[in-house]
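# A closer look at the structure
Residue-level listing of the chains:
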Amino acid sequence: MTFEDDELYRDITGFAHDAPAWVQHTAEVWTEAGLLLFAALFVIGWWRSRRDSSRAFAIAVLAPVATAVAYVCSELLKSGVTEERPCRAVTGAVASLAECPASGDWSFPSNHATIAGAAALALALVRRALVLLTAPLALLMAFSRVFVGVHYPHDVAAGLLLGAVVAAAAVRLGTRPATRLADALRASPAPAARWLAGPGPATAPAAAYVAAHRRR
């Protein structure tokens, strides 16, 4: 498979090569550390959803699952396309900032961009307002993969799209059974299961009702 964005790759990596050292270092750190930020957002989403409806809790739990499914799809596609990394294949390009992955670690699509696209979409389904945070983070993650020289622009564009589509489909298909599971966990006699799923939205009103009657 060949694409015509070698020149764009050269332009971006050339710009990266001429950027200040702190910009280069920040990009190298972000291109990996950004995944940890998405993981932290998943944990926060799960924790906050413990006091939401069972459906909201189900979507929060499905968010990282959907992202993992998108990653698997990306890996399968990589194995079928077998596109060489641009840091090895593009002639006339400057050396990549990040170490060029070994031959056989294929380029298309970008796993990082796929994870970022999936996480951004899934987290937005958990809390719509999060899209204002997750969308820019996903775009920045995707761009950083080209900036450090390990992916073509079309790799990251395809990764973002693949991740978003797979995550949307996975959440949609999994919401109903996951909601039933959330209901079962919240009704379980096992304390660990109830803690994991949280008390749900009914606890706060119930507590207020009990407190009001105690004051009478």
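No experiment lies behind these values; they were computed from the predicted model shown.

Moving on: the confidence of the model for the chain. With 91% of its residues at a pLDDT of 70 or more, the chain shows a mean pLDDT of 86. The element-level mean pLDDT for the chain is lowest in helix 9 (residues 203-215), coming to 45, with helix 5 (residues 111-126) highest at 94. Every residue in residues 204-216 is under pLDDT 50, and counting partners more than four places away or in other chains gives 0 contacts.

Next up on the list: the pattern of salt bridges. Per the stated rule, a full pass over the model turns up 5 salt bridges. Residue R85 pairs with D105 through a salt bridge whose shortest N-O separation is 3.0 Å. With R85 in the loop between helix 3 (54-81) and helix 4 (86-89) and D105 in the loop between helix 4 and helix 5, this residue pair connects regions lying 20 residues apart in the sequence. R85 gets classed as buried once you look at its relative accessible area, which sits at 4%. Overall, D105 belongs to the partly exposed group, its relative accessible area being 36%.

This brings us to the nonpolar core. One finds F38 and A138 to be the most contacted residues of the largest nonpolar core, which totals 34 residues. When residues of this core are assigned to their parent elements, the largest contribution, 8 residues, is made by helix 5. Leave out the neighbours within four places in its chain, and F38 touches A116, A119, A120, L123, T134, L137 and A138. Within the second largest apolar cluster, 6 residues are counted, among which are A19, A27, F147 and V148.

This part is about the packing of aromatic side chains. Counted according to the given criterion, the structure contains 6 aromatic pairs. A ring pair is formed by F143 and F147, whose centres lie 5.9 Å apart and whose planes are at 45°; its orientation type is tilted. Residue F143 and its partner F147 are both found in helix 6 (residues 131-147); the two are separated by 4 residues, about one turn of the helix. Residue class for F143 comes out partly exposed when judged on its relative accessible area of 37%. Residue class for F147 comes out buried when judged on its relative accessible area of 4%. Through pairs of rings, three or more aromatic residues link up here, namely F15, F143 and F147. The aromatic ring of W47 is capped on one face by R50, whose charged end is 4.4 Å from the ring centroid.

The next thing to look at is the state of the cysteines. Counted according to the given criterion, the structure contains 1 disulfide. Each sulfur in the disulfide pair C87 and C100 lies 2.1 Å from the other. On the sign convention where negative is left-handed, the bridge of C87 and C100, at about 75° about the S-S bond, is right-handed. Of this pair, C87 sits in helix 4 while C100 sits in the loop between helix 4 and helix 5, and the two are 13 residues apart along the sequence. Given a relative accessible area of 22%, C100 falls into the partly exposed group.

On to the side chain of S110, then. Along the polypeptide, S110 turns up in the loop between helix 4 and helix 5. Among the residues examined, S110 registers a relative accessible area of 0% and is labelled buried. Separated by 3.4 Å, the side chain of S110 and the backbone nitrogen of H112 make a polar contact. Among all residues touching S110, those that are not within four sequence positions of it are S74, R145, H151, D155, V156 and G159.

Parameters at a glance
- Residues numbered from 1 in each chain as written.
- Predicted model: local features only at pLDDT ≥ 70, side-chain atom pairs only at ≥ 80, totals over all residues.
- Heavy atoms only, no water.
- pLDDT = per-residue confidence, 0-100.
- Helix = DSSP H or I, 4+ residues; strand = E, 2+ residues; numbered from the N terminus.
- Contact = heavy atoms within 4.5 Å.
- Salt bridge = Lys/Arg side-chain N within 4 Å of Asp/Glu carboxyl O.
- Buried < 20%, exposed > 50% of the residue type's maximum accessible area, 1.4 Å probe, protein only.
- Core = buried A, V, L, I, M, F, W, Y, C linked by side-chain atoms within 4.5 Å.
- Phe/Tyr/Trp six-rings, centres within 6.5 Å; stacked < 30°, edge-to-face > 60°.
- Lys NZ or Arg CZ within 6 Å of the ring centre and 35° of its normal.
- Disulfide = S-S within 2.5 Å.
- Polar contact = N/O pair within 3.5 Å; in protein donor to acceptor, adjacent residues only side chain to side chain.

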